[in-house]
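# Examination of the molecular architecture
The chain contents come next:
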Amino acid sequence: MLTIENLTKQYGKFLALDHLNLHIDKGEIYGFVGPNGAGKTTTMRIVCGLLKATSGSVTVDGIDAIKQPDDIKRKVGYVPDFFGVYDNLKVMEYMEFYGSMYGMERQEIDDISEGLLELVNLSDKKDAFVDTLSRGMKQRLCVARALIHNPDLLVLDEPNSGLDPRARFEMKEVLKNLRSMGKTILISSHILPELSELCTSVGIMEHGRLVTSGKVDDIIDASQGNQPIHMKVVYAETEEPLNQYVATILKEQPFVEKVSFTDDEVLIHFRGDDLEAARLLNKLFDHHIMVSHYYREKENLESLFLEITGGEENA
Amino acid sequence: MRKRLHMNPIWKKELVVGSRSMKMSWAIMGINAFLTIIVLIVLSITNMSAATSGYRYATLIWLFPILGCIECGLISLIVPVITSGSISGERERQTLDVMLTTPVTTFSIAVGKLGSAMSVVMMYMIASIPVMAIAFVLGGMSWWALLGLFGMLLYLGIYVGSVGVFCSSVVKKSVVSTILTIAIGIGIIIVTTVILYVVIATQSAMCDAKGVAYAGPGAAAFIMMLNPYSPIVDFMMRVMMGTGIDRLMEEMGTKSSIILAISRWWIPCSIVINMIISFIFLKLAARNISVTRNRK
């Protein structure tokens, strides 16, 4: 459905996208993850024909978004991260306005809008003024608007940005409905647990490059073994300060990369598998270090994201 | 198969949104109140002079150019205000991007914005008919003159509106856009007048040096066709005095039959030229909207 090849975008000396390659199959929900300035929005704007690429190609269902930006507009529906409001315009008129932009007839727009407003749970608001809707409702209306021409690809740029938990939940339900309808969606978000729940595939971007991309489970599986170990030491037979002694012992062990201390915990950056982690615990016992708790973090998209991006961004 | 005509969606939307705003009602009331005050002042002056020299209905005919000029002035001020936020407002609201993801062309966006401004102008014109009609009832003007004036106001609105849409596409702030539109309008008036003045002064000085009689600016006078107000001046002259700019040129000494023939068609010639300029402004506005694509 969407194929991006060697996509590059340069703003003066700043390289926003660096030979980006990406492929999204039909019916897939692809989550774009990355810190601010990673190039997610730039990629999305190029896909929607809002921005010209410096080089590379973007094709949506065989249509070149760069060479045929006007043709791509009927293939793509775009939801920006900010919902711009027209004063004095009702929900149904808002839908009619955008439907007429696609050359649709009034009756056709009305019929489709009814269904779309139902999909986004706004049927009871069709006579309400857009500027009176809550932010969550506006964002859902924006999704309905983006679907008015039945696009093949829906591009959502941080649709949950600035929404409260309830509105986020409602948006998630809308997206789940779209997934069940078989829509192809490219979505960026900072709320990673939701992305991992919704998306079939994800891509982590940094500095204009796709650091990793693939099925959510595959990515997490591939990165297993990198999670840190949390440990609490209650006693050690030593005259040295406790932390210093523990750090010295740990650093002598294989697979231990870094040891750091919080108020009551030791955080061990460990590269070994679970068997090696168990061996490490035994070693600590051998050195008469008494541990009250010892557990390894479970890998998820959030921890993976932080690991890959070096914890630059609050995910 | 018949293809159905679709109204420009942006124009349609702006009409819906604009008609719900109280701003338009207040503006119509303000304009009519202003025009009414002018009529009352003229009527009072006529009544006062009637005590000494008798009532002269003929003087009331001057209500026509007075009200016409005031309407031109109001349109020159109101249209920039309406159009100033047309594109910059979309940018400020962050709705332009979504608009640009639809198949509607940037030129259609610019035309839609101009069209909605023209609808407002027409609304003002229609609302002012009762006041304007006083000049026709009391002054004895023909309805064709009133229709002609409305045509002129519409033309002026298109010209000023296209400049406004262009300025709105160039600058980010609506206030700056309004000022820029008015400045461009005043600039064109000043520049064309100054150029003509310099030409006349130079030609006159050369004639004096040669010791021959000055025979008018000739074709150089056509620079004034670029002045959007010149066809309105010609129209007013024809309605009030029965002669236009051609007579003025003849009196200044122009003898060339071609130049005089063209100047007799001053109104259509100037309007065509200024409508071409308006079209260029709209095309430039459309190009500026497209440039958004290259911004981050």
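Because the structure is a prediction, the values reported are computed rather than measured.

### Section: the packing of aromatic side chains
Aromatic ring pairs are defined here through the distance separating the ring centres and the angle between the ring planes. Residue and element names in this part refer to chain A. Here the structure, examined in full by the defined rule, presents eight aromatic pairs over all chains. When the centroid spacing of 5.0 Å and the interplanar angle of 65° are considered together, the rings of Tyr 94 and Tyr 98 count as edge-to-face. Of the two residues, Tyr 94 and Tyr 98 are both situated in helix H3 (residues 91-101); the distance of four residues between them amounts to about one turn of the helix. Take Tyr 94 and Tyr 98: they sit in the same class, and that class is buried. Members of the aromatic cluster, each reached through a chain of ring pairs, are Tyr 94, Phe 97 and Tyr 98.

### Structural notes on the side chain of Ser 189 of chain A
Residue placement: Ser 189 of chain A occurs in the loop between strand S8 (184-188) and helix H7 (192-198). Residue Ser 189 of chain A is classed as buried on the basis of its relative accessible area, which comes to 5%.

### Observations regarding the pattern of salt bridges
In this structure the tally under the stated criterion is 24 salt bridges over all chains. Where Glu 257 of chain A meets Arg 271 of chain A, a salt bridge forms, and the shortest distance between an N and an O atom there is 3.1 Å. Here Arg 271 of chain A lies in the loop between strand S13 (266-270) and helix H10 (274-286) and Glu 257 of chain A lies in strand S12 (residues 256-261), a separation of 14 residues in the sequence. Salt bridges sharing partners connect three or more residues here, namely Lys 13, Glu 14, Glu 90, Arg 93 and Lys 113 of chain B.

### Side note on the pairing of strand S1 (residues 2-11) of chain A
Both faces of the sheet carry side chains from a regular strand, because those side chains alternate between them. Residue and element names in this part refer to chain A. As paired elements, S1 and strand S4 (residues 55-60) share five bridges and run antiparallel to each other. Residue pairing in the sheet places Glu 5 in a bridge with Ser 57 of S4. Bridge count for S1 against strand S2 (residues 14-24) is seven bridges, and the pairing is antiparallel. Bridging across to S2, Lys 9 finds its partner in Leu 17.

### Topic: the interface of chain B and chain A
Facing the 26 residues of chain B at the interface are 35 residues of chain A. Summed over both partners, the interface of chain B with chain A buries about 2,800 Å², with 59% contributed by carbon and sulfur atoms. A salt bridge links Glu 93 of chain A to Arg 20 of chain B, with the shortest nitrogen-to-oxygen separation between them at 2.6 Å. Across the contact surface, chain B and chain A share five residue pairs in polar contact (both at pLDDT 80 or more). Within the residue set of the side of chain B that touches chain A, elements represented by two or more residues are helix H1 (9-20), helix H4 (88-93) and helix H5 (96-100) of chain B. Considering each element in turn, the side of chain B that touches chain A owes the most residues, six residues, to H1 of chain B.

### A look at helix H6 (residues 165-180) of chain A
Residue and element names in this part refer to chain A. The first and last C-alpha atoms of H6 sit 22 Å apart over 16 residues, in line with the 22 Å expected at 1.5 Å per residue. All buried positions along H6 are accounted for by Ala 167, Met 171, Lys 172, Val 174, Leu 175 and Leu 178. Down the axis of H6, the sector holding all buried residues measures 160°, keeping them to one side. Looking at H6, the residues exposed on the side facing more than 90 degrees away from the buried face are Pro 165, Arg 166 and Ser 180. Elements that come into contact with the buried residues of H6 comprise strand S3 (29-33), helix H4 (106-119), helix H5 (135-146), strand S7 (153-157), S8 and H7.

### Things to note about the sheet that holds strand S10 (residues 209-215) of chain A
Residue and element names in this part refer to chain A. Pairing in this open sheet of six strands is mixed, and the strands run S6-S7-S8-S3-S9-S10 from one edge to the other. Whereas interior strands pair on both sides, the edge strands pair on one side only; in this sheet they are strand S6 (76-79) and S10. Between one strand axis and the next, the sheet turns through 15° on average, direction left out of account. Alignment of S3 against S8, held across four bridges, turns out to be parallel. When the bridges of S8 are listed, Gly 31 appears paired with Ile 187. Across the sheet, H5 touches S6 and S7, and the angle it forms with S6 is around 165°.

### What about the side chain of Ser 86 of chain B?
All names here are of chain B. Inspection of the secondary structure puts Ser 86 in the loop between helix H3 (63-84) and H4. A distance of 2.6 Å separates a polar atom in the side chain of Ser 86 from the backbone oxygen of Thr 83. The contact partners of Ser 86, leaving out residues within four places of it in the chain, are Lys 113, Val 165 and Ser 168.

### Remarks on the environment of Asn 8 of chain B
Residues and elements named next belong to chain B. With respect to the element layout, Asn 8 can be found in the segment before H1. Classification of Asn 8 as buried rests on a relative accessible area of 15%. Residues Asn 8 and Ser 116, 108 residues apart in the sequence, show an inter-C-alpha distance of 9.7 Å. Those residues in contact with Asn 8 that lie beyond four places of it in its chain are Ser 108, Val 111 and Gly 112.

### Things to note about the confidence of the model for chain B
Residues and elements named next belong to chain B. Looking at chain B, the pLDDT average stands at 85 and 95% of residues meet or exceed 70. Across chain B, element-level confidence peaks in helix H13 (residues 266-291) with a mean pLDDT of 92 and bottoms out in helix H7 (residues 129-139) with 75. Overall, residues 292-296 carries pLDDT values under 50, and its contacts beyond four positions in sequence, including any with other chains, amount to 23 contacts. If you check the scores for this complex, the pTM reads 0.79 and the ipTM reads 0.78.

### Things to note about H10 of chain A
Residues and elements named next belong to chain A. Between its terminal C-alpha atoms H10 stretches 19 Å, which fits the 18 Å expected from 13 residues at 1.5 Å a residue. Of all the positions in H10, only Glu 276, Ala 277, Leu 280, Leu 281 and Leu 284 are classed as buried. Seen end-on, H10 carries its buried residues on one side only, within an arc spanning 150°. Facing away from the buried surface of H10 by more than 90 degrees, the exposed residues are Leu 275 and Asp 286. Those residues of H10 that are buried lie in contact with strand S11 (229-236), helix H9 (242-251), S12, S13 and strand S14 (289-296). Two or three places before Leu 275, at the start of H10, stands the capping residue Asp 273, its side-chain oxygen 3.3 Å from that residue's backbone nitrogen. Within two residues after H10, His 288 carries a phi angle of roughly 55°, on the positive side.

### So, the sheet that holds S11 of chain A
Residue and element names in this part refer to chain A. Pairing is antiparallel in the open sheet, where four strands are placed in the order S12-S13-S11-S14. Looking along the sheet, the strands with just one partner apiece sit at the ends: S12 and S14. Averaged over all adjacent pairs, the angle separating strand axes in this sheet is 25°, with direction ignored. When S12 meets S13, the two strands line up antiparallel, connected through five bridges.

### Thoughts on the environment of Leu 133 of chain A
Residue and element names in this part refer to chain A. Checked against the element boundaries, Leu 133 lands in the loop between H4 and H5. Looking at Leu 133, the relative accessible area reads 6%, which means it is buried. Through-space distance from the C-alpha of Leu 133 to that of Ala 167 is 12 Å; in sequence the pair is 34 residues apart. Sequence-distant contacts of Leu 133, that is, excluding residues within four places in its chain, are made with Val 91, Lys 125, Ala 128, Lys 138 and Leu 141.

Cut-offs applied
- Residues numbered from 1 in each chain as written.
- Chains lettered and ligands numbered in written order.
- Predicted model: local features only at pLDDT ≥ 70, side-chain atom pairs only at ≥ 80, totals over all residues.
- Heavy atoms only, no water.
- Phe/Tyr/Trp six-rings, centres within 6.5 Å; stacked < 30°, edge-to-face > 60°.
- Helix = DSSP H or I, 4+ residues; strand = E, 2+ residues; numbered from the N terminus.
- Buried < 20%, exposed > 50% of the residue type's maximum accessible area, 1.4 Å probe, protein only.
- Salt bridge = Lys/Arg side-chain N within 4 Å of Asp/Glu carboxyl O.
- Pairing = 2+ DSSP bridges.
- Contact = heavy atoms within 4.5 Å.
- Buried area = accessible area lost by both parts, 1.4 Å probe.
- Polar contact = N/O pair within 3.5 Å; in protein donor to acceptor, adjacent residues only side chain to side chain.
- Expected span 1.5 Å × (residues − 1).
- Arc of directions from axis to C-beta.
- Axes fitted to C-alpha atoms, helices over the stretch in contact; angles between N-to-C directions.
- pLDDT = per-residue confidence, 0-100.

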